[in-house]
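# Summary of structural features
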Amino acid sequence: MAIKTTSRIRMLAILLWSAVGLHCFADTNSNQKNVLFIAVDDLRPELGCYGEEYIHSPNIDALAAEGVTFTRAYCQQAVCNPSRVSVMTGLRPDTTQVWDLVTDFRTTIPDAITIPQHFRANGYRALSFGKIFHNPFPDHESWDVPHRFPKSSRLWSADAKKKLAEYRSQMRASGKREAAIRRMRAVATEVVDYPESQHIDVAIADQAISAMSEHAQNKRTDGERPLFLAVGFIRPHLPFVVPRKYWQVYERDKIPLAKNQLLPKSMPEIAFGNRSLGGFYELRDYMDFANAPSPFKTSLAEEQQRELKHGYCAAISLVDAQIGRLLRALDQQGLREKTIIVLWSDHGWKLGEHNGWCKQTNFEIDTRTPLIISAPNANANGSSCDSLVELIDIYPTLCDLVEIPIPDSVEGVTIKTLLDDVSASAKDASFSQFRRRQNGREYMGYSMRTDRYRYVEWLDRSLATRVARELYDHQADPREDINIAVDSSNDDLLEQLSSKLWSTLPRPAPRPTRASKPANVN
């Protein structure tokens, strides 16, 4: 009863707060810009606008040509739920206390005000389609209308689903645990030939385009509030189930494979983890890769690598086409010049680098993300910015762009000035972290990316003591293949970087740890 009462009080407070914001907004911000907030799951900065010529991403590239492309943007934790919570609240994972895929942030920071909540309180209508927060926790409190996924959409073919049922029966017959059987998914890649409109990402785009049309019509007839429209695409998250025409964009044999298919020299095992395998376990949950070798032992066969990378590329092109549809709809509804567009992904992704696949490490390949901001009339539109920035900077930046107050609680900084001057600098370091359970103990790795270095400290969470270090010199080793923290000649540098890390982040106190909850990789 106490929990329900607290929830009711919180909801009443938010509604009152929103009503006050609406009243103030109506008096002072009648010409406010709309916001199109595009999230793409598991998209690393492997796009034409980031210099990858083999990737076909014409619509994202066109958006970049009309905005500012951030070349060194970093997530706060390279896995979905913690990263998205950080983006949407402007808070770091240690503040949100969301470090895994099974924690609803409303249970840890129930009074947090998300980006759409704050915009609603300042006169906006906020709608969400697709994956913005983590799938199990869409946070209906953030939106004017409860979030809903498309009612009618598809992913795998009927044949793939039939094969999965057979595979699970075989697992059961061989005595596999029910938890492992339930986790098993169908194929990791599939060429599908059902009508494209039935694909979930296409259906998500349809929802968003319909909302745009409704908004434009209301704007013409009764002065509808400005719109905060969040659209979250699910591909290129596994599985790479994509309509045939997107596979046909690429020639599999011409797609380049990772150049550093090796674990970093002198890397502490905890950097990948003996259970997580650097996130590799996620790929093993698909029946065609259930027996994939550990990255500690060997690489995937070249044929498997090409199949996966082909699927990833095809998935990017599918999503790129949907982003093109959104941008054309903005133009058709006369909304483009009145809309700020931000495109981001929750983290990067390994495609064979460090012998790994998927995410869930503190390495550059997992923590670096695409970020494009297109603000009407920004002086630097069409340029790239090399300043270090973080995804928690999105919240204050959007507030700054539409001239509403930046909440005191957010831990990011506005990077609005970079949209006018890409030679400026927002900060001298970006920070990420990752929680790891290994050999019955819990650890947290804190990563700091400076202009030249990536420095990582791994702490035993129960004692708050350091157990391992990593240091990568991006000037000499941009792929992070050699951990030079083991070289005693770098001891002074390590101490300088450690001091900088803990002068910026609050150093965690010792804390009792609990057994890990069941994993969830969606």
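Residues numbered from 1 in each chain as written. Predicted model: local features only at pLDDT ≥ 70, side-chain atom pairs only at ≥ 80, totals over all residues. Heavy atoms only, no water.

### Some points on unusual backbone geometry
The omega torsion across R235 and P236 is 10 degrees, close enough to zero to call that bond cis. On the secondary structure map, P236 appears in the loop between β5 (227-233) and β6 (240-243). Of note, the amide linkage connecting L238 to P239 takes the cis form, showing an omega dihedral of -5 degrees. With respect to the helices and strands, the residue P239 is situated in the loop between β5 and β6. Positioned with a positive phi, A464 is a non-glycine residue whose angle comes to about 60 degrees. Tracing the backbone through its elements, the reader meets A464 in the loop between β14 (453-460) and β15 (465-473). (Helix = DSSP H or I, 4+ residues; strand = E, 2+ residues; numbered from the N terminus.)

### Let's talk about the pattern of salt bridges
A full pass over the atoms with the stated rule returns 40 salt bridges. For the salt bridge of K427 with E390, the shortest nitrogen-to-oxygen distance reads 2.6 Å. Taken as a pair, K427 in the loop between α13 (394-402) and β12 (430-438) and E390 in strand β11 (residues 383-390) lie far apart in primary sequence, 37 residues in all. Accessibility classification places K427 together with E390 in one group, the buried group. Residues joined by salt bridges that share partners form a network here, namely D41, R84, K131 and D346. (Salt bridge = Lys/Arg side-chain N within 4 Å of Asp/Glu carboxyl O. Buried < 20%, exposed > 50% of the residue type's maximum accessible area, 1.4 Å probe, protein only.)

### Side note on the pairing of strand β7 (residues 339-345)
With seven of seven residues buried, β7 is to be regarded as a mostly interior element. Burial of the side chains of β7 extends over both faces: T339, I341, L343 and S345 are buried on one face and I340, V342 and W344 on the other. One ladder, built from seven bridges, connects strand β1 (residues 34-40) with β7; its direction is parallel. Looking at the pairing, A39 lines up with W344 of β7. Where β7 meets strand β10 (residues 368-374), four bridges bridge the pair, whose relative direction is antiparallel. (Pairing = 2+ DSSP bridges.)

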